[in-house]
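Fold and geometry: a report
What follows is each chain in one-letter form.
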Amino acid sequence: MNATARERFDHWRELIGRTRASEVASAHADDFRAETRHLELGPVTLLRTSFPSARFWRTERMARRSDAGVHHLTLLLDGDMALSRDTRHPTEAFAPGDLHLLDGSDPFDLRAFATPSSPATSPDRAERRAERRVEAVGVDFPTALLPIPPQRLRTVLGRGFSGREGTSALLADFLVGLDRQAALLGPAEAPRLGTVVVDLIAAWLARELDAETALPDDTRRRALVENVHAFIRRNLHDPELTPASIAAAHHISVSYLHRLFTQHSEGETVAAWIRRRRLERAHRDLADPALRTLPVHAVAARCGIPSPSDFSRAFRTAYGLPPGEHRRLALAGGTDG
């Protein structure tokens, strides 16, 4: 094993150990290539990892030395995992899209398996081996921030939950989006986003535990706001998306929806938030080389703005130049400021 590879593996193992006290081993340690990204959100830490197959474990002795009062949430994006906790609990298997929660002071044995690449996309065997990765997003947070008694959490620890529908899907999408936007986040935003992450975790767990009525009003309101945001993003293409349709989809009144936005969107109205997101999506799509043959008015329509004149006027007001000029500059490699 060359020193460089050993140093890479040891360095990665040290990074993982800073947030999750455990031992790590990998059959790929002699040619180890991994990526790890930390995002500090106040007392909450977001951890994005990409690595070859590996094993993580914490013994009873290590668990006794671990700091109590921290929980670890993992969203598996690619690969497979198998978790063993102790003889009282069966081994749990996790697939891409699954969530699971662990107590930071409990022993465990977690095996992560990278999914083989498709031979059709990587005909070379060595290349396929190099491309195999486990992809995951983790969240470490103080248990005290969760408005759910720790003893209630014991029934969900170590279990796999699908992150594909309902509150769990909202949480999963938020974590993935947060990781994608990590480089653009300012320090002033971090604590607020950490609060939102914990609120979404609390809303998801409360639903699993049938304890939603026990959540504080603030937690439920913030989780509802993020749910509304996600609903709007999914339906931006619909020109009939209105405050009334949004309120109806969430079983709340239009007046309550407006109050939520006033309190949690820095005073921005629902209609203004929708308009801004539509323009941002159009701005991005117009700069996408894959969409260069799509007419400007068609880009606007797929973003929920069917009127070309309305779109051109709103785009110029927001970005200081016509949409066609923005596309020309972006695709030519220029900038529009």
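Now for a quick tour of the structure. (Residues numbered from 1 in each chain as written. Predicted model: local features only at pLDDT ≥ 70, side-chain atom pairs only at ≥ 80, totals over all residues. Heavy atoms only, no water.)

**Describing the overall build of the protein**
To be explicit about the condition: Each helix corresponds to a stretch of at least 4 residues labelled H or I by DSSP, and each strand to a stretch of at least 2 residues labelled E; elements are numbered beginning at the N terminus. The contact definition used throughout considers only heavy atoms, calling two residues in contact when any of these lie within 4.5 Å. Here the open area of atoms and residues is found with the Shrake-Rupley method and a 1.4 Å probe, where only the protein chains shown may cover a residue. Note that His is not counted, nor are the chain ends; the positive residues are Lys and Arg, and the negative ones are Asp and Glu. A charged residue contributes its charge at one atom only: NZ of Lys, CZ of Arg, CG of Asp or CD of Glu.
In terms of helices and strands, the protein carries 13 helices and 11 strands. With respect to the principal axes defined by its C-alpha atoms, the protein has extents near 65 × 55 × 35 Å. In the protein, once contacts between residues fewer than 6 apart in sequence are set aside, the share between residues at least 24 apart is 69%. About 17,400 Å² of surface is accessible on the protein, with carbon and sulfur atoms providing 51% of the total. Taken as two groups, the 46 positive and 44 negative side-chain charges of the protein have centres that lie 1 Å from each other.

**Quick look at the environment of Val197**
Mapped onto the fold, Val197 is located in helix α6 (residues 190-208). Residues Val197 and Ala223 lie 26 residues apart in sequence; the distance between their C-alpha atoms is 9.0 Å. In contact with Val197, not counting residues within four places along its chain, are Leu41, Val44, Val139, Leu171, Phe174, Leu175 and Leu178.

**A closer look at the environment of Ala27**
Formally: Only protein chains enter the accessibility calculation, which uses a 1.4 Å probe; a residue is then buried when its area is under 20% of its type maximum, exposed when over 50%, and partly exposed in between.
One can find Ala27 in the loop between β1 (23-25) and β2 (35-41). We classify Ala27 as exposed; its relative accessible area is 71%. Considering only alpha carbons, one finds Ala27 and Pro52, 25 residues apart in sequence, at a separation of 8.6 Å.

**A word on the pattern of salt bridges**
Using the following cut-off: By definition here, a salt bridge exists when the distance from a side-chain nitrogen of Lys or Arg to a carboxyl oxygen of Asp or Glu is within 4 Å.
Applying the stated rule across the entire model yields 20 salt bridges. The partner of Asp106 in a salt bridge is Arg154, with the nearest N and O atoms 3.0 Å apart. Here Asp106 is found in the loop between β8 (98-103) and β9 (108-113), whereas its partner Arg154 is found in the loop between α4 (150-153) and β11 (161-162), with 48 residues between them in sequence. Overall, the relative accessible area of 39% leaves Arg154 in the partly exposed class. Several salt bridges share partner residues, and in doing so they unite Arg37, Arg48, Glu135 and Asp179 into one network.

**A look at helix α10 (residues 270-286)**
This is how the line gets drawn: Residue count minus one, scaled by 1.5 Å, sets the expected span of a helix.
For α10, spanning 17 residues, the distance from its first C-alpha to its last is 24 Å, which sits close to the expected 24 Å at 1.5 Å a residue. Taken as a whole, α10 has its buried residues at Val270, Ala272, Trp273, Ile274, Arg278, Leu279, Ala282, Asp285 and Leu286. Next to the buried residues of α10 lie α7 (217-234), α8 (243-249), α9 (254-264), α11 (296-302), α12 (308-319) and α13 (323-331).

**Here we look at the packing of aromatic side chains**
Aromatic ring pairs are described here by two measures, namely the spacing of the ring centres and the angle between the planes. To keep it simple, the criterion reads: Put simply, two rings from Phe, Tyr or Trp (the six-membered ring, in Trp's case) pair if the centres are within 6.5 Å, and we call them stacked under 30 degrees between planes, edge-to-face over 60, tilted for the rest. Ring-over charges, as used throughout, are those where CZ of Arg or NZ of Lys falls within 6 Å of the ring centre and within 35 degrees of the ring normal.
Per the stated rule, a full pass over the model turns up 10 aromatic pairs. A ring pair is formed by Phe161 and Trp204, whose centres lie 5.5 Å apart and whose planes are at 85°; its orientation type is edge-to-face. Here Phe161, found in strand β11, pairs with Trp204, found in helix α6; they are 43 residues apart in sequence, far enough to count as distant. By relative accessible area, Trp204 is classed as buried at 1%. In this structure an aromatic cluster arises from ring pairing among Phe9, Trp12, Phe32, Phe51 and Phe56. The ring centre of Trp57 lies 4.3 Å from the NZ or CZ of Arg55, which sits over that ring.

**Section: α9**
The line we're drawing: Arc, as used here, means the arc of the directions from the helix axis to the C-beta atoms.
Within the span of α9, buried status applies to Leu257, Leu260 and Phe261. One side of α9 holds all its buried residues, which, seen down the axis, span an arc of 95°. Residues Thr262 and Gln263 are exposed on α9 and point more than 90 degrees away from its buried face. Of the residues flanking the end of α9, it is Glu266, one or two places downstream, whose phi is positive at about 55°.

**Overview of the nonpolar core**
The cut-off we apply is this: In plain words, nonpolar cores are sets of buried Ala, Val, Leu, Ile, Met, Phe, Trp, Tyr and Cys residues tied together by side-chain atoms within 4.5 Å.
The biggest cluster of nonpolar side chains holds 41 residues, and the ones touching the most others in it are Leu41, Leu73, Val139, Phe141, Val197, Ile201 and Leu205. Elements represented by at least two residues in this core include exactly β2, β3 (44-51), β5 (70-78), β8, β10 (134-142), α5 (166-180), α6 and α7. Per-element tally for this core: the top contributor is α6, with 12 residues. Beyond its immediate chain neighbours, meaning those up to four positions away, Phe141 contacts Pro43, Val44, Gly69, Val70, His71, Leu73, Leu101, Leu146, Val198 and Ile201. By size, the runner-up hydrophobic cluster in this structure holds 20 residues, among which are Phe9, Trp12, Phe51 and Leu110.

**Thoughts on unusual backbone geometry**
With a phi angle near 55°, Asp210 is a residue other than glycine that sits in the positive phi range. One can find Asp210 in the loop between α6 and α7. With a relative accessible area of 67%, Asp210 lands in the exposed category. A positive phi angle, near 60°, is found at His251, a position not held by glycine. His251 gets classed as exposed once you look at its relative accessible area, which sits at 76%.

**Considering the sheet that holds β8**
Strands belonging to one sheet form pairs held by backbone hydrogen bonds; the direction of such a pair is parallel or antiparallel. To keep things clear, this is the line we draw: Two strands qualify as a pair provided DSSP detects at least 2 bridges between them. In this analysis an axis means a line fitted to C-alpha atoms, helices contributing only their contacting stretch, and an angle means the value between N-to-C directions, from 0 to 180 degrees.
Read from one edge to the other, the open sheet built from 6 strands follows the order β2-β3-β10-β5-β8-β11, with strand pairing classed as antiparallel. The open sheet has two edge strands with one neighbour each: β2 and β11. In terms of strand pairing, β5 meets β8 through 5 bridges, oriented antiparallel. When the bridges of β8 are listed, Leu75 appears paired with Leu99. Most of the contacts of α5 go to β5, to which it runs at about 85°, and overall it touches β2, β3, β5, β8, β10 and β11. On the sheet, α6 packs against β2, β3, β5, β8, β10 and β11 and is oriented at approximately 100° with respect to β2.

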